[in-house]
Amino acid sequence: MEEEKKKEGSYRYWVREATADAAPPPQPQKLTNNDVVASNAPALGSLWNQAGTWEEKNITKWATDRLKELLVSVGSLQFSSGKAEIIDVNRCVGDAFLVTVRNKKRVGYTYELSLKVQGEWSFEEDTKKVKGSLDIPEFSFGELDDLEVNVKLSEDKELSQKLKQQVGLDMKQFLEPIRLKLGQFEQELKDR
């Protein structure tokens with residue numbers, strides 16, 4: 001009687017004994033070359049990462065060079081009382097990357113810009129040369145709608161406060177052409 005209680009109360013593994021309705025044990029099969037080739041779907045990324053898990057590629061050098069090239073190509077804008085053009089990129093700091101995750105490509109970047117601008121404005125029958133910069137504090141992938149431009153004029157004693165305000169408002173019109181060039185940059189980044 002004690003043995004029966006011991007059997008009933010003892011711990012039992014679920015599959016200790018094979019039963020007739022259990023699945024047969026797996027049998028190894030040799031793969032043919034056709035089986036191996038068919039299972040290799042084209043993967044994104046490097047050859048070593050055929051599973052397409054995580055792979056990050058730094059493309060900052062290309063992105064920085066391309067941003068500078070695109071922004072200098074904005075050219076000049078004509079305003080009601082003058083004109084100005086972007087002549088150089090003073091500062092272009094940030095990073096860009098291409099990430100492959102689960103065989104899907106994702107891109108991203110974060111940058112800060114400062115663009116050197118010069119122009120001429122006619123004010124009260126006098127033409128003044130103005131230099132300054134357009135600063136974009138921070139922008140990143142997919143956030144171009146929130147882009148802000150800060151205008152800084154070089155210290156010039158000859159400019160009146162009214163002219164400085166007019167020049168500042170005019171220079172803010174560079175925002176839309178800059179946004180278009182950055183949109184082109186994002187598209188090129190996606191297509192890489």
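Scroll up to find the structure this text is about.
Reference entry: report on the structure contained in this document. The structure displayed is predicted, hence computed values, not measured ones. (Residues numbered from 1 in each chain as written. Predicted model: local features only at pLDDT ≥ 70, side-chain atom pairs only at ≥ 80, totals over all residues. Heavy atoms only, no water.)

### Details of the layout of surface pockets
What counts here: In the cavity and pocket records, a cavity denotes points on a 1 Å grid over the protein atoms alone where a 1.4 Å probe fits but cannot get out, a pocket denotes an open set with protein on both sides within 12 Å along at least 5 of 7 lines, and lining residues are residues with an atom within 4 Å of a point. Grid points are joined across faces, edges and corners, and a volume is the space filled by probe spheres set on the points. Only DSSP runs of H or I with at least four residues qualify as helices, and only runs of E with at least two residues qualify as strands; both kinds are numbered from the N terminus onward. Residues were grouped as follows: Ala, Val, Leu, Ile, Met, Phe, Trp, Tyr, Cys and Pro as nonpolar; Asp, Glu, Lys and Arg as charged; and all remaining residues, including Gly, as polar.
In this structure, the largest pocket spans a volume of roughly 180 Å³. Every residue lining the largest pocket is listed: Ser76, Lys83, Ala84, Glu85, Gln118, Gly119, Glu120, Lys129, Val130 and Lys131. Taken together, the elements giving at least two residues each to the lining of the largest pocket come down to β3 (82-101), β4 (104-122) and β5 (127-140). For the lining of the largest pocket, the per-class residue count stands at two nonpolar, three polar and five charged.

### Notes on the pairing of β4
The side chains of a regular strand alternate between the sheet's two faces. Note the cut-off: We call two strands paired when DSSP finds no fewer than two bridges between them.
Bridge analysis of β3 against β4 gives 18 bridges, and the strand direction is antiparallel. Bridging across to β4, Phe97 finds its partner in Gly108. Between β3 and β4, which follow one another and run antiparallel, lie two residues, and Arg102 among them has a positive phi close to 50°. The antiparallel hairpin formed by β4 and β5 contains four residues in its connecting segment, where Glu124 sits at a positive phi of about 55°.

### Here we look at the pattern of salt bridges
Where we set the bar: The working definition used for a salt bridge is a side-chain nitrogen of Lys or Arg within 4 Å of a carboxyl oxygen of Asp or Glu. Using a 1.4 Å probe on the protein chains alone, a residue whose accessible area is under 20% of its type maximum counts as buried, one over 50% counts as exposed, and one in between counts as partly exposed.
All chains considered together, the criterion is met by eight salt bridges. A salt bridge links Asp126 to Lys128; the nearest nitrogen and oxygen atoms lie 3.3 Å apart. Using a relative accessible area of 17% as the deciding quantity, one classes Lys128 as buried. Between Asp135 and Lys152 there is a salt bridge whose closest N-O contact spans 3.2 Å.

### Looking at the nonpolar core
Note the cut-off: We call a set of buried residues a nonpolar core when its members are Ala, Val, Leu, Ile, Met, Phe, Trp, Tyr or Cys and they connect through side-chain atoms within 4.5 Å of each other. Residue contacts are defined here by distance: any two heavy atoms, one from each residue, within 4.5 Å place the two residues in contact.
Counting residues in hydrophobic clusters, the biggest one holds 38 residues, and the most contacted among them are Phe139, Phe174 and Ile178. Residue assignment for this core shows that the elements contributing at least two residues are α3 (60-72), β3, β4, β5, α4 (161-171) and α5 (175-191). Residues within four places of Phe139 in sequence aside, it is in contact with Tyr109, Thr110, Tyr111, Glu112, Leu113, Leu144, Leu147 and Leu182.

### Some words on the packing of aromatic side chains
Geometrically, a pair of aromatic rings is defined through the distance of the ring centres and the angle of the planes. Convention followed: Aromatic pairing here means that ring centres of Phe, Tyr or Trp (its six-membered ring) are within 6.5 Å. Orientation follows from the plane angle: under 30 degrees is stacked, over 60 is edge-to-face, and everything else is tilted.
This model, assessed by the stated rule, comprises seven aromatic pairs. Note on Tyr109 and Phe139: the rings are 5.8 Å apart at their centroids and 70° apart in plane angle, and the pair reads as edge-to-face. Of this pair, Tyr109 sits in strand β4 while Phe139 is found in strand β5, placing the two residues 30 residues apart along the sequence. Tyr109 gets classed as buried once you look at its relative accessible area, which sits at 2%. The buried category is assigned to Phe139, whose relative accessible area is 2%. Summarising the aromatic geometry, the rings of Tyr109 and Phe185 are spaced 5.2 Å apart at their centres and angled 75° between planes, so their arrangement reads as edge-to-face.

Take it as geometry only, folks, not as evidence of what the structure does.
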